Amino acid sequence: MAAVVLVGAQWGDEGKGKITDYLAEKADVVVRYQGGSNAGHTVMVGREEFKLHLVPSGILYPGKLCIIGNGVVLDPAVLVEELDGLASRGVDTSGLKISNRAHLILPYHKGLDAVQEEHRGEAMIGTTKRGIGPAYVDKAARTGIRVGDLLDWEEFRAKVTHNLTATNELLAKIYDRPGYDLQAVLEEYAGYARRLRPLIADSVRLVNRALQEGRKVLFEGAQGTLLDLDQGTYPFVTSSYPVAGGACIGAGVGPTRIDKVIGVVKAYTTRVGSGPFPTEITGPAGDALRQQGMEFGTTTGRPRRCGWLDTVILRHAAEVNGLTGIALTKLDVLTGLEPLRICIGYLYRGTVGEDFPASLKALEECEPVYEELPGWHEDITGARSLEDLPANCRRYIQRLEELTGVPVHLIAVGPRRDQTIVLESPF
Ligand code: IMP
């Protein structure tokens, strides 16, 4: 198999970093296709922890071609810091290429993100304030500035001058905030232009050529299905397309090229930011799960809301992504919990349904219908095959497969590379 898409099947933070890292070893090319530095992928290499926001996780293996695709909104300040951080730890970053079609995040996007969140008041989305939404707004409004513009300074200067002037007016007149200094922004970005120039490439050609040559390409999704602009819990979503179809748009490949789609499913559910969450566990039990799973944001450090596994969500994810397999993560976190609960449907106005509603008002009214399963108490962090897992643990996995109709291919029982059970390798 040559092309595999890896997507988050829940609200992000499913542990994609670890699974990408596992698959990246087998891939020749790793491509990020959407989102930006709102993402945070944690990868453990031995005892060393790497937190990546923009650079594809494949960078941790020497000799891989790693691509930041056209669907990404790129904050050059974050990228430069990340590259310096990796270099200082001895990681060779020479395999990285950035799409000339990717859009740039400018300082005023981050300022707008913060001030617009403030103005939403109670209706705030809980964004990461990394400028993601405003940058995608400019892209859709056809006023965005692309990475390729850094190669033509006159063009870049003209576009920034126009956009910054307009944004300063918006900040002053609507939000009563100070604006940005044009010269300072231009100077800062002149530095990024010099630094990033050698990395800028026509990534669409690179990816398609690699596929034509039969090389293995991994498309690394960020965020998750329920944060997708169309398929997620709108408006409490991000501004891009984390679903598998987003890989086609955000990397410039046709759908006929994709062979497999792996959904990363955490053994329970978490969510950061606002919005309804039917299986949320509040109070001390929720706090205990958060501590046990170390559920604090990689990008913002915010505590994540925690809850039971929800297969209504997962069936939605299986459908909209066309999942061919599941990578189940953080199964070890459930050890000792008794009993375990899996949400199998939603009770809505007296009727139990199995479909995920589009309306947030309806979702808020939905009550989860649970099936209870016996837990396990044995330490599973050393398990390396299905047979090493306790019977109740295997039953939990089997139930997940039955309720979603998707086979489990990979199981993570700890953060390290070797703490992985492989039932079927996607490559
Ligand atoms: P934004 O992407 O910063 O605009 O944030 C929009 C929503 O997506 C908020 O609820 C964020 O908490 C959420 N979000 C964005 N990126 C991630 C991620 O990588 N993991 C989990 N949630 C995310």
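If you're wondering where the values come from, they're calculated on a predicted model, not measured in any experiment.

### A closer look at the overall build of the protein chain
Then, in step 1: The number of helices and strands found in the protein chain is 12 helices and 20 strands.
Then, in step 2: Over its C-alpha atoms the protein chain spans a radius of gyration of 21 Å, differing by no more than 12% from the 22 Å that the globule rule assigns to 427 residues.
Then, in step 3: For the protein chain, the spread of C-alpha atoms along the three principal axes comes to 65 × 50 × 40 Å.
Then, in step 4: Counting all 427 residues of the protein chain, 57% fall into the buried class.
Then, in step 5: Restricting to contacts in the protein chain with at least 6 residues of sequence separation, those with at least 24 account for 76%.
Then, in step 6: Per element, the accessible surface of the protein chain, about 17300 Å² overall, is 51% carbon and sulfur.
Then, in step 7: Where the 47 positive side-chain charges of the protein chain centre and where its 54 negative ones centre are 4 Å apart.

### Thoughts on the site of the ligand
Then, in step 1: As a matter of local geometry, the ligand sits amid 15 residues, with Asp13, Asn38, Thr128, Thr238 and Arg302 nearest to it.
Then, in step 2: For the ligand, an oxygen atom lies 2.6 Å from a polar atom in the side chain of Thr128.
Then, in step 3: A distance of 3.0 Å separates an oxygen atom of the ligand from a polar side-chain atom of Arg302.
Then, in step 4: In the complex, the protein chains occlude 96% of the 470 Å² of accessible area that the ligand would expose alone.
Then, in step 5: Residue classes in the shell around the ligand are distributed as six nonpolar, seven polar and two charged.

### Topic: the side chain of Thr225
Then, in step 1: As for its placement among the helices and strands, Thr225 is situated in the loop between β10 (217-220) and α8 (245-251).
Then, in step 2: At a separation of 2.7 Å, a polar atom in the side chain of Thr225 contacts the main-chain carbonyl oxygen of Gly8.
Then, in step 3: Residues contacting Thr225, with those up to four places away along its chain left out, are Gly8, Ala9, Gln10, Gln231, Gly232, Val243, Ala317, Val320 and Asn321.

### Thoughts on the sheet that holds strand β5 (residues 65-68)
Strands belonging to one sheet form pairs held by backbone hydrogen bonds; the direction of such a pair is parallel or antiparallel.
Then, in step 1: Taken together, 10 strands build an open sheet; the order of strands is β9-β7-β5-β2-β10-β1-β11-β15-β19-β20 and the sheet is mixed. Each edge of the sheet is formed by a strand with only one pairing partner; in this case those strands are β9 (200-201) and β20 (420-422).
Then, in step 2: Sheet contacts for helix α7 (residues 203-212): β1 (3-8), β2 (29-32), β5, β7 (96-99), β9 and β10; angle to β10, the most-contacted strand, approximately 135°.

### With respect to the environment of Gln231
Then, in step 1: Tracing the chain through its elements places Gln231 in the loop between β10 and α8.
Then, in step 2: Given a relative accessible area of 30%, Gln231 falls into the partly exposed group.
Then, in step 3: Along the sequence, Gln231 and Asp113 sit 118 residues apart, while their C-alpha atoms lie 22 Å from each other.

### Section: the domain arrangement of the protein chain
Then, in step 1: What the domain assignment lists for the protein chain is domain 1 (2-99 + 199-261), domain 2 (104-196) and domain 3 (266-422).
Then, in step 2: Spacing between the C-alpha centres of domain 1 and domain 3 amounts to 23 Å.
Then, in step 3: Taken together, the contacts link 37 residues of domain 1 with 39 residues of domain 3.
Then, in step 4: Area buried by domain 1 at its contact with domain 3 is led by Gln10, Trp11 and Lys18, which between them contribute 23% of it.

### Observations regarding the UniProt feature "active site" (unreviewed entry) in the protein chain
Then, in step 1: If you check UniProt for "active site" (unreviewed entry), the listed places come out as Asp13, His41 and Lys139 in our numbering. With a sequence span of 127 residues, these residues are also far apart in the fold, their greatest C-alpha distance being 25.7 Å.
Then, in step 2: Along the chain, the position of His41 falls in strand β3 (residues 41-45).
Then, in step 3: By relative accessible area, His41 is classed as buried at 6%.
Then, in step 4: Look past the residues within four positions of His41 in its chain and what remains in contact with it is Lys16, Gly17, Phe50, Lys51, Leu52, Ser57, Glu220, Gly221, Ala222 and Thr298.

### Quick word on the packing of aromatic side chains
Then, in step 1: Within the structure shown, the criterion is met by six aromatic pairs.
Then, in step 2: Aromatic pair Phe156 and Tyr189: ring centres 6.1 Å apart, planes at 20°, arrangement stacked. Here the residue Phe156 occupies a position in helix α5 (residues 153-173), and Tyr189 occupies one in helix α6 (residues 182-196), the gap between them amounting to 33 residues. A single burial state applies to Phe156 and to Tyr189, both of which are buried.
Then, in step 3: Ring plane angle 65° and centroid distance 6.1 Å describe the contact between Trp376 and Tyr396, whose orientation is recorded as edge-to-face. Highlighted residues: Trp376 in the loop between β18 (367-373) and α12 (391-404) and Tyr396 in helix α12, separated in sequence by 20 residues.
Then, in step 4: Judged by its relative accessible area of 1%, Trp376 is buried.
Then, in step 5: Among the aromatic residues, those joined into a cluster by ring pairs are Trp153, Phe156, Tyr189 and Tyr192.
Then, in step 6: Here Lys26 stacks its cationic end above the ring of Tyr22, 4.2 Å away from the centre of that ring.
Then, in step 7: The ring of Tyr61 carries the charged tip of Lys64 above its face, separated from the ring centre by 5.8 Å.

Calculation criteria
Residues numbered from 1 in each chain as written. Predicted model: local features only at pLDDT ≥ 70, side-chain atom pairs only at ≥ 80, totals over all residues. Heavy atoms only, no water. Helix = DSSP H or I, 4+ residues; strand = E, 2+ residues; numbered from the N terminus. Rg over C-alpha atoms; globule rule 2.2 N^0.38 Å. Buried < 20%, exposed > 50% of the residue type's maximum accessible area, 1.4 Å probe, protein only. Contact = heavy atoms within 4.5 Å. Areas by Shrake-Rupley, 256 points an atom, 1.4 Å probe, with all protein chains shown as cover. Lys, Arg positive; Asp, Glu negative; His and termini not counted. Charge placed at Lys NZ, Arg CZ, Asp CG, Glu CD. Near = heavy atom within 4 Å. Polar contact = N/O pair within 3.5 Å; in protein donor to acceptor, adjacent residues only side chain to side chain. Nonpolar A, V, L, I, M, F, W, Y, C, P; charged D, E, K, R; others polar. Pairing = 2+ DSSP bridges. Axes fitted to C-alpha atoms, helices over the stretch in contact; angles between N-to-C directions. Domains from an automatic or database assignment. Buried area = accessible area lost by both parts, 1.4 Å probe. UniProt positions renumbered as here; feature names shortened; annotations may be inferred. Phe/Tyr/Trp six-rings, centres within 6.5 Å; stacked < 30°, edge-to-face > 60°. Lys NZ or Arg CZ within 6 Å of the ring centre and 35° of its normal.

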